[in-house]
Amino acid sequence: MKPLIPYSKQWIDNSDIKYITKILRSDWITQGPTIEKFEKTIAKYVGTKYAVAVSSGTAALHAACFAAEIKPSNEVIVPTLTFAASANCVLYLGAKPVLVDIDYETGNIDVNEIRKKITKRTKAIIAVDFAGHPADWDKIKKVAKSHNLVTIDDAAHALGSQYHGQKIGSIADLTIFSFHPVKTITTGEGGMVVTNNKNYYERLLRFRHHGIIKKTKIGGWFYEMVDLGYNLRMTDIQAALGISQLGKIDKFIKKRRAIVKKYNKNFQDLPNIKVPKEKKGSICAWHLYPARFNLQKLGKTKKQIYDFLKSKGLGVQVHYIPIHFHPYYQKHFGYKRSLQPSSFDKLRTTGPKKGDFNNAEKFYEEEISLPLFPSLKKTEIDYVVKTVKNLIRS
Ligand SMILES: *Cc1c(COP(=O)(O)O)cnc(C)c1O
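Summarised in this report is the structure supplied together with it. (Residues numbered from 1 in each chain as written. Predicted model: local features only at pLDDT ≥ 70, side-chain atom pairs only at ≥ 80, totals over all residues. Heavy atoms only, no water.)

## Remarks on the environment of Lys312
Then comes step 1: Within the element layout of this structure, Lys312 appears in the loop between helix H11 (302-311) and strand E16 (314-315).
Then comes step 2: Separated by 125 residues in the primary sequence, Lys312 and Thr187 have C-alpha atoms spaced 31 Å apart.
Then comes step 3: Sequence-distant contacts of Lys312, that is, excluding residues within four places in its chain, are made with Leu4, Tyr383 and Thr387. (Helix = DSSP H or I, 4+ residues; strand = E, 2+ residues; numbered from the N terminus. Contact = heavy atoms within 4.5 Å.)

This is the structure:
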């Protein structure tokens, strides 16, 4: 059954379609000038020197890890509460992702936990701006600087978010964005890496295109493959959609922020529910609305809450199943979970058992993302509010 209201969806209008059509009828539908135009527009928007468009946010993470020269002997710090791609990119380079617990308030990586996990092998820190809330970048950069580590911002949720007056993108050494339809702007599939570092920029360009560099001094046709790269290119058709979408980003963010404000106004005084809050110095583009339900006080299981909201037509989602829950990571790196699958069906009398990633497990168990996207109608917002209030009072 199709849910009435999904947790997220794209906004595509006639201006997008018109621009895509124009590019479709042009000479270049890939490797053309529209890609460069999209890259320049994004770089200008976030305030960086360079931007490299790629085929997905995952490809952007892969390319960023290559640019940072992550080697098989390296370890890379990654928060456990994120999408698998944030850690998989480290595996693509043959290195080891070292998982770290989160701050329970924001869902972002806990900087004190980062410090404990740094070894001689550590090469980089990947932090996620969870739900669009900037990670604690001042502290992360300080730790990174004192250990000579590269900072990579997985800002798949945070295009347009700001941290102490600076746009996300201009803060870490390398920042990646995703343009999947659920994200702030879309190109269908697509991603971008932004940086101020010329060496990283050149490595990104090579990596996107088979590891090949042109050597036209030798001959107009001549090129050499100097690294193992891939075809990670975005098409000009997608870039056209991206340019058109970026023109609407202020409107998108304004609408997202207004919906979050309305949800918060309605939910923040209710017992048993915890709402996302913006920390001082941050302006969030809010990709998600991660509501957290106090299962003990509600006397309900996670499954009951999720199933209830689904049965009422809310296409809710859970963000995220922690990385250390995935069998692949358990098998290859020995990570263990303390929260067991059976517990989602059990009524809690106490909090979750203490494990290595206690905050992430607690966050995951309590979290359900409510519908949040710019085209959400007033009647739909009211319906979400009413449904959640009914759940809490039932
Ligand atoms: C969406 C997402 C990605 C991957 O982006 P794709 O464009 O789907 O490949 C990576 N990290 C996070 C945190 C995401 O939400």
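## Thoughts on the sheet that holds strand E4 (residues 96-100)
Then comes step 1: Reading across from one edge, E2-E10-E9-E6-E5-E3-E4 is the order of the seven strands in this open sheet, with mixed pairing throughout. In this open sheet, the two strands that pair with only one neighbour each are strand E2 (50-54) and E4. On average, each strand axis in the sheet is tilted by 20 degrees relative to the strand beside it, whichever way the strands run.
Then comes step 2: In the sheet, strand E5 (residues 122-128) pairs with strand E6 (residues 150-154) via five bridges, with the strands oriented parallel. Pairing of Val128 across the sheet is with Asp154, part of E6. (Pairing = 2+ DSSP bridges. Axes fitted to C-alpha atoms, helices over the stretch in contact; angles between N-to-C directions.)

## Description of the side chain of Lys389
Then comes step 1: Take Lys389: it is sitting in helix H14 (residues 378-393).
Then comes step 2: This buried residue, Lys389, is left without a salt bridge; Asp382 holds the nearest opposite charge, at 9.0 Å.
Then comes step 3: Polar contacts involving the side chain of Lys389 include one to the side chain of Asn266, which spans 3.1 Å.
Then comes step 4: Setting aside residues up to four positions removed in sequence, Lys389 forms contacts with Asn266 and Leu270. (Buried < 20%, exposed > 50% of the residue type's maximum accessible area, 1.4 Å probe, protein only. Lys, Arg positive; Asp, Glu negative; His and termini not counted. Salt bridge = Lys/Arg side-chain N within 4 Å of Asp/Glu carboxyl O. Polar contact = N/O pair within 3.5 Å; in protein donor to acceptor, adjacent residues only side chain to side chain.)

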